[in-house]
Amino acid sequence: MKICIRNICCIGAGYVGGPTMAVIADYCPNIKVAVVDVNKNRIDLWNSKDLDDLPIYEPGLKKIIERCRGKNLFFSTSINEYIESADMVFISVNTPTKKTGIGAGKASDLKWVEASARQVAKFSKGNTIVVEKSTLPVKTAEVIKEILESTDPIQKVKEQKSFHVLSNPEFLAEGSAINDLQKPDRILIGGESKDAIMALHEIYRNWVPEEKILHTNIWSSELAKLTANAFLAQRISSINSIGALCEATGADVREVARAIGSDKRIGSRFLDSGPGFGGSCFKKDILNLVYLSNHFGLPEVANFWESVVSLNNWNQNRLSTLIVKTLFGTVSSKKICILGFSFKANTNDTRDSAALNICKNLLEEGAYLIIHDPKVGSKQIELDLNLKPVIESEDVEYESDPSQYEGKWSYSREVYKACNRADAIVVLTEWEMYSDLNWEIVAKSMRSPAWVFDSRSIVNSKKVLKAKLNFWRVGDGAIQKKR
Ligand code: NAD
Ligand code: UGA
């Protein structure tokens with residue numbers, strides 16, 4: 001029987017829930033979409049008048065919010081009310097790695113998913129399709145189903161409650177989320193009920209070509225999401241391992257990447273050597289895969305995937321060690337300018353950013369860091385480093401003696417000011433603005449001998465060298481050999 005969706009409720013107004021629902025609302029004007037969250041501050045920001053205050057920065061997002069908010073897109077903390085009126089509920093809550101207890105450090109913590117399922121079980125009315133949007137371990141749908149089915153039987157009959165559970169993992173990448181949602185490579189829908197699958201299928205059909213909407217069984221869908229992230233992360237660890245070898249041998253990782261990427265079987269994307277992958281998901285999802293593999297008695301499979309994470313950790317530490325060694329074995333009392341703190345360009349997300357780990361290492365070595373990022377503010381960095389900046393003002397001129405500030409940091413809104421009297425500049429995020437700096441001006445204000453470390457290969461090496469700055473670039477053995 002055809003199920004027609006009129007009201008959607010999405011639990012979780014985060015990096016996935018917000019943009020995903022905005023795009024659904026934009027393409028489906030006849031569906032009322034409500035995004036609900038326990039975090040009042042986040043909801044207030046989603047509702048803020050000034051669209052520059054939205055809690056998430058994504059190119060293209062502001063325009064959609066402007067078009068749909070208040071018409072068929074709503075952000076609210078009235079979770080129960082919106083669950084009650086929904087025909088379809090998306091669960092898009094956080095699923096971080098467990099910190100304590102069984103599976104700590106590897107398994108996903110499903111307490112927020114479970115809480116959401118309980119709320120749906122309690123407040124839904126009539127037939128409700130529950131969609132797993134969060135990334136979840138295989139077999140979570142069974143848990144959700146069990147919770148939904150365990151509603152008080154009298155209430156169930158009285159309110160004619162029934163449920164279908166679908167898995168519909170999200171493949172968007174931050175920074176390109178809107179484009180990924182508008183033109184997805186594929187939409188994956190896993191489930192048992194053909195009618196429920198078709199109800200979700202029909203929503204996507206409003207803008208996604210039929211052939212891109214794949215139907216699978218629910219377990220394949222859950223596992224495909226973990227596998228996609230594991231494969232992507234594995235490519236980054238692979239190229240970063242080769243980058244280190246390039247630096248040691250005089251080869252150039254960009255040339256190696258171009259050569260192997262021309263092979264259609266390998267493909268050219270996701271071969272940028274860098275400081276190591278960050279973000280809230282790659283590490284968490286691989287560790288989850290490791291946990292599952294061990295759980296199902298497959299330690300060799302677990303070890304294989306765990307090595308992807310180990311290589312990434314090693315790569316991040318390698319970078320901070322290299323900076324210390326290059327700066328004559330100590331960064332204590334030296335001023336280092338950090339360009340970029342988000343885990344990649346075009347996002348304000350700093351979760352598990354390589355920059356965060358590298359900054360922590362350098363602070364431990366006694367460096368004084370001046371941190372700049374075009375989208376991440378001082379408050380967020382303070383939270384991440386768990387350390388107050390020494391100078392609260394964001395517009396301060398940095399003339400002071402760095403020896404007073406060992407192991408401390410300050411924030412700068414302005415790149416050129418940040419570089420002032422620095423011993424080194426370290427590019428950690430590939431923001432476009434860093435690729436186009438005037439190195440002559442920068443060089444004049446730095447303390448000699450001054451260094452530029454480009455961990456993202458975005459800086460124009462010729463211009464840096466022409467400005468008489470020492471230069472290091474990730475994976476570039478050729479440039480290292482020239483010195
Ligand atoms: P997030 O932390 O940005 O957002 C999750 C939101 O859920 C938070 O605002 C939190 O307050 C809210 N929440 C938690 N429990 C709740 C409850 N019981 N009721 C109401 N609200 C509740 O997380 P995210 O980055 O959007 O990720 C969500 C899921 O999507 C994760 O499983 C993640 O692995 C997956 N995912 C993330 C991305 C990404 O790029 N961030 C991409 C694909 C998939
Ligand atoms: C990733 C996946 O790309 C999405 O498909 C997935 O939906 C998402 O995780 C998720 O499940 O959360 P995201 O983490 O937003 O998306 O960003 P990516 O573009 O994948 O980058 C991840 C990290 O790898 C970043 O730190 C990035 O700088 C790094 N990276 C990426 C490289 O070092 N080299 C590359 O070639 C590509």
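Structural data are supplied above this passage.
Residues numbered from 1 in each chain as written. Chains lettered and ligands numbered in written order. Predicted model: local features only at pLDDT ≥ 70, side-chain atom pairs only at ≥ 80, totals over all residues. Heavy atoms only, no water.

Chemist: Honestly, the pattern of salt bridges in this entry has me stumped. Any pointers?
Modeler: In a structure, side chains of opposite charge can pair up when their charged atoms sit close to one another. Applying the stated rule across the entire model yields 21 salt bridges. Lys-40 is the partner of Asp-44 in a salt bridge, and the nearest nitrogen-oxygen pair spans 2.8 Å. With Asp-44 and Lys-40 both in helix H2 (residues 40-46), this residue pair falls 4 residues apart, about one helical turn. As a salt-bridge pair, Glu-170 and Lys-133 come within 3.0 Å of each other at their nearest N and O atoms. Residue Glu-170 is found in the loop between strand E6 (162-167) and helix H8 (177-182), and its partner Lys-133 is found in the loop between strand E5 (127-132) and helix H6 (140-149); the two are separated by 37 residues along the sequence. Given a relative accessible area of 12%, Glu-170 falls into the buried group. (Salt bridge = Lys/Arg side-chain N within 4 Å of Asp/Glu carboxyl O. Helix = DSSP H or I, 4+ residues; strand = E, 2+ residues; numbered from the N terminus. Buried < 20%, exposed > 50% of the residue type's maximum accessible area, 1.4 Å probe, protein only.)

Chemist: It is not clear to me how the site of ligand 1 should be interpreted in this structure. Could you clarify?
Modeler: The full set close to ligand 1 counts 27 residues, and Asp-37, Arg-42, Thr-95, Glu-174 and Lys-284 are the nearest of them. One of the side-chain nitrogen or oxygen atoms of Glu-174 is found 2.8 Å away from a nitrogen atom of ligand 1. Take Arg-351: an N or O atom from its side chain is 2.9 Å from an oxygen atom of ligand 1. Relative to its unbound accessible area of 830 Å², ligand 1 is 92% covered by the protein chains. Ranked by residue count, the leading element in the shell around ligand 1 is helix H5 (residues 111-123), at 3 residues. (Near = heavy atom within 4 Å. Polar contact = N/O pair within 3.5 Å; in protein donor to acceptor, adjacent residues only side chain to side chain. Areas by Shrake-Rupley, 256 points an atom, 1.4 Å probe, with all protein chains shown as cover.)

Chemist: Would you explain the packing of aromatic side chains in this entry?
Modeler: Two descriptors summarise a pair of aromatic rings, namely the distance from one centre to the other and the angle between the planes of the rings. Following the criterion strictly, the structure yields 10 aromatic pairs and no others. With a centroid separation of 4.8 Å and an interplanar angle of 5°, the aromatic rings of Trp-46 and Phe-75 are classed as stacked. Of this pair, Trp-46 sits in helix H2 while Phe-75 sits in strand E3 (residues 73-76), and the two are 29 residues apart along the sequence. Here Trp-46 matches Phe-75 in class, with each residue buried. Each ring, one from Trp-451 and one from Phe-453, has its centre 5.8 Å from the other, and the planes form 20°; the classification is stacked. Like Phe-453, Trp-451 is buried. (Phe/Tyr/Trp six-rings, centres within 6.5 Å; stacked < 30°, edge-to-face > 60°.)

Chemist: Would you mind showing me how to read the sheet that holds E3 here?
Modeler: Strand pairing in a sheet takes place through backbone hydrogen bonds and is either antiparallel or parallel in direction. Read across the open sheet, the 8 strands follow the order E3-E2-E1-E4-E5-E6-E7-E8; overall the sheet is mixed. Taken across any chain shown, the strands that pair with only one partner, and hence form the sheet edges, are E3 and strand E8 (213-216). With direction set aside, neighbouring strand axes in the sheet form an average angle of 25°. Both E5 and E6 contribute to a ladder of 6 bridges, which runs parallel. The residue bridging Val-130 from the neighbouring strand is Val-165, located in E6. (Pairing = 2+ DSSP bridges. Axes fitted to C-alpha atoms, helices over the stretch in contact; angles between N-to-C directions.)

Chemist: Can you walk me through the site of ligand 2 in this structure?
Modeler: Of all residues adjacent to ligand 2, which total 19 residues, the nearest are Phe-171, Leu-172, Glu-174, Cys-281 and Arg-456. Between ligand 2 and Phe-171 there is a distance of 2.7 Å, counted from an oxygen atom to a backbone nitrogen or oxygen.

Chemist: I keep staring at the environment of Ser-221 and nothing clicks. Help me out?
Modeler: Inspection of the secondary structure puts Ser-221 in helix H10 (residues 218-249). For the pair formed by Ser-221 and Leu-289, sequence separation is 68 residues and the distance between their alpha carbons is 14 Å. Here Ser-221 is in contact with Ser-167, Asn-168, Pro-169, Leu-188, Gly-190 and Thr-216, once residues within four sequence places are set aside. (Contact = heavy atoms within 4.5 Å.)

Chemist: Would you explain helix H11 (residues 253-261) in this entry?
Modeler: An α-helical turn contains 3.6 residues, so a residue and the one three or four places further along point in the same direction. Considered for burial, the residues of H11 that qualify are Val-253, Ala-257 and Gly-261. Relative to the axis of H11, the buried residues are bounded by an arc of 65° and lie together on one face. Of the exposed residues in H11, the ones pointing more than 90 degrees away from its buried face are Arg-258 and Ala-259. Check the buried side of H11 and you find it contacts H10. (Arc of directions from axis to C-beta.)

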